[in-house]
Amino acid sequence: MRLEECPHPVPLIGAALDPMKTETNPRHLQRKACLLRRHIIRMVGVGKTGHIGGSCSCADIVAALYFSVMNIDPAQPDDPARDRFILSKGHAALVLYAALAERGFFPIGELDRVKQAGAMLQGHPDRLRTPGVEANTGSLGQGLSLANGMALAAKLDASNHRVYVILGDGEINEGQVWEAAMFGAFHGLDNLTATLDRNGLQAMGPTKTRLDTGPLRDKWLAFGWHVVEIDGHDMAQILDAFAQAKAHHGSPTLILANTVKGKGLSFAENNPGFHNGMMTQEQYDLAGRELDAALAALDDPT
Amino acid sequence: MTEAVPNRVIYGRTLVELGQGNPRIVVLDADVPKSTNTSQFREAFPDRFFNCGVAEQNMICIAAGFAASGKIAFASTFAVFASMRACEQVRTSVAYPRLNVKIVATNAGLDNAGDGVTHQGIEDLAIMRSIPNLTVLSPSDPVTTRKAVLAIAQREGPAYMRLGRNPSPVLYEENVEFEIGKMIPLRNGDDLAIIATGNMVHQALIAADSLAGQGIQARVLDCHTIKPVDKAAILDAARTTRGIITAEDHNVVGGLGGAVCEVLSELCPARVKRVGLKDCFATSARDYRELLAHFQMDAAAIQAAAYELCGSKSAHIPSRSSARRSTP
């Protein structure tokens, strides 16, 4: 269905927030995350598949990064001193596109053309087409290695910028992630912070019954990483974890974020069917109502 | 005059030359720096050299991360690992975003005779040639190897280059003109054309000398760029000679022979004989030349192909003793 026909049109901008300004108020950031989820369901629409589950599970973390944590300027997307973000689980591209649009890297109207032939917004992130996208991810397992290169380059140039990565918990089945983990720790890349979006589900079902990668905390510690475990939907904990990562020296930080796949949409939460799922009209309407209610609950004119 | 040395040694030397003039150059290796000769750069610029360990996939993506941060990243390992172990990383993280990564792979073809099949890169040209955005080079001698390394460093975007292991004879004067995508004519002749790449250029020259003694004038073209391939030189060879021989230290499937046949079949059908490894795995051998002879990839094999093209088949085929045909 065309977006114009959507029964619950999404407000085109987060009215309470200036897109150029970074936020420190957790409630405002939670609201931003709700808006990102609103864009996600709008981009997927009715009767078409889209990576709803994994986009919604990391929406709070992405909101924190783009509206509070990272030093970025949409007017200067190529500034060498900018912080870098790599969505290693590239299938969650919708949440990245929503954040980039809300942050002002391109007009929000571009979201309407996602996945269209020749569009700026491809099925998976493409750094040559989309302002603000740093890496062509989607083939799982490569993002942390790319981040190693960027973090080493920052060290080589004595630049203080930081590199952020979001990994999926299904993604870390890939052996290259562990090559990259060894490398990052060996080189003491304390300007590198990876967040593991531990939603517990991969494409076909629970991670534990596919290839159980646990115990995750012990593994990352054993690989030489500084580990901070949080509730990945608690904005205060998210902000605190990024602050701890920034303050930590000598090794990279892994934020082990316990999340819910499909967070914010009752029918999609913890439902592997919504890894790359399709919403009925009823589900689409319900999602709109639920997110509107969440937004209203977070409304805070202060 | 450059001395006869392995092209990989020239690669290492040229990296140092590049590093002196350009702080953006960084070099990565998957723990074979002595073999690839990136060790020369490591000694000169330890801060800009990164041994990534035996982890080629990680290395290629780290190189991409460097390139995305404004560096010119050279990444080296053996051809078989660069093109196959890290193939998808090259495709998705390097070629797709057109990043400034230069993958220079050694031990191309059967050149690493002793180590056998696991270390012989016989598919890399075919694989790399099929990836969009990638420039693919295969220089023949020390002079053109240096020029090729300088050329890919200067040219923005991703490149793959393969080099041999053994010393390569010098085929060119220092002032030879080298341009990516343009074959270098080494010998004139209008009876047939031998389009050769890498180590096989030397074999082609030996074959052409022998053929000349028998009244067959063979043109020899050094196809140092497999992609973009020099269509004009291929078409000219097809139009002005009786046939074309391709010669490569690579599987005959999909490499130089494949590239030449693609051009000809669409634009100017012509007779072609492909000299190379005949779609089989090779073996170990104590000596590279022994392997080339055994798998009919040497000057004698090129000569035999020439006789076939010239229609004077058996009479002139040089005697290849049964001993040389047996398993080395």
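Residues numbered from 1 in each chain as written. Chains lettered and ligands numbered in written order. Predicted model: local features only at pLDDT ≥ 70, side-chain atom pairs only at ≥ 80, totals over all residues.

**Thoughts on the sheet that holds strand β7 (residues 159–162) of chain B**
Residues and elements named next belong to chain B. Rules: For two strands to be treated as a pair, DSSP must find at least two bridges joining them. Secondary structure elements follow DSSP: runs of H or I of four or more residues count as helices, runs of E of two or more count as strands, with numbering from the N terminus. Helix axes are fitted only over the stretch in contact, all axes being lines through C-alpha atoms; the angle between N-to-C directions runs from 0 to 180 degrees. Residues are scored as being in contact if the C-beta atoms we place from backbone atoms lie within 7 Å.
Taken in spatial order, the seven strands line up as β3-β2-β4-β5-β7-β6-β12 in an open sheet, and their pairing is mixed. Both outer strands of the open sheet, β3 (49–51) and β12 (225–227), are each paired with one neighbouring strand and no more. Shown here is a sheet whose adjacent strand axes are inclined to one another by a mean of 20°, direction ignored. In this structure, strand β6 (residues 135–137) lies alongside β7, joined through three bridges in parallel fashion. Across the sheet, residue Leu137 finds its bridge partner in β7, namely Met161. Strand contacts of helix α1 (residues 7–21): β2 (25–29), β4 (72–78) and β5 (101–106), with the helix running at about 145° to β2, the strand carrying the most contacts.

**What about the nonpolar core?**
Heads up, the rule is: Core membership is restricted to buried Ala, Val, Leu, Ile, Met, Phe, Trp, Tyr and Cys residues, and these are joined into a nonpolar core through C-beta atoms within 7 Å. Field definition: a residue is buried when 20 or more other C-beta atoms are found within 10 Å of its C-beta, exposed when 12 or fewer are, and partly exposed for counts in between, with C-beta atoms placed from the backbone. For the domain bounds, the source is a domain assignment made automatically or taken from a database.
Among the nonpolar cores identified, the biggest contains 199 residues, and Val62 and Val95 of chain A together with Ala63, Ile194, Ile195, Ala204 and Ile302 of chain B are the most heavily contacted of them. Two domains each provide a minimum of three residues to this core, namely domain 1 (5–168) and domain 2 (184–314 + 321–325) of chain B. Those residues within four positions of Val62 of chain A in sequence are excluded, and the remaining contacts are Leu36, Val95, Leu96 and Ala99 of chain A.

**Some words on the domain arrangement of chain B**
Residues and elements named next belong to chain B. Threshold: Amino acids outside the nonpolar list (Ala, Val, Leu, Ile, Met, Phe, Trp, Tyr, Cys, Pro) and the charged list (Asp, Glu, Lys, Arg) are all regarded as polar, and Gly is one of them.
Along its sequence, chain B is carved into domain 1 (5–168) and domain 2 (184–314 + 321–325). For domain 1 and domain 2, the distance between their C-alpha centroids amounts to 26 Å. Residue-level contacts link 28 residues of domain 1 with 30 residues of domain 2. Sorting the residues of the side of domain 1 that touches domain 2 by element identifies α7 (124–129), β6 and α8 (142–154) as the ones contributing at least two each. In terms of residue class, the side of domain 1 that touches domain 2 is made up of twelve nonpolar, eleven polar and five charged.

**With respect to the environment of Thr253 of chain A**
Residue and element names in this part refer to chain A. Tracing the backbone through its elements, the reader meets Thr253 in strand β8 (residues 253–258). Note on Thr253: 24 C-beta atoms within 10 Å, which makes it buried. On a C-alpha basis, the gap between Thr253 and Met182 in space is 13 Å, while along the polypeptide they are 71 residues apart. When near neighbours in sequence (up to four residues on either side) are disregarded, Thr253 contacts Thr193, Trp225, His226, Val228, Ala245 and His248.

**Concerning the sheet that holds strand β3 (residues 163–168) of chain A**
All names here are of chain A. Pairing within the open sheet is parallel, and its five strands lie in the order β2-β3-β4-β8-β7. Only two strands of the sheet have a single neighbouring strand rather than two, namely β2 (84–87) and β7 (226–231). Averaged over all adjacent pairs, the angle separating strand axes in this sheet is 20°, with direction ignored.

**Quick look at the interface of chain A and chain B**
Many structure descriptions define interface size as the accessible area lost when the parts assemble. Across the contact, 20 residues belong to chain A and 22 residues belong to chain B. Those elements giving two or more residues to the side of chain A that touches chain B turn out to be α5 (143–156) and α6 (175–186) of chain A. It is α5 of chain A that provides the largest number of residues to the side of chain A that touches chain B, a total of eight residues. Its residues assigned to classes, the side of chain A that touches chain B comprises ten nonpolar, seven polar and three charged.

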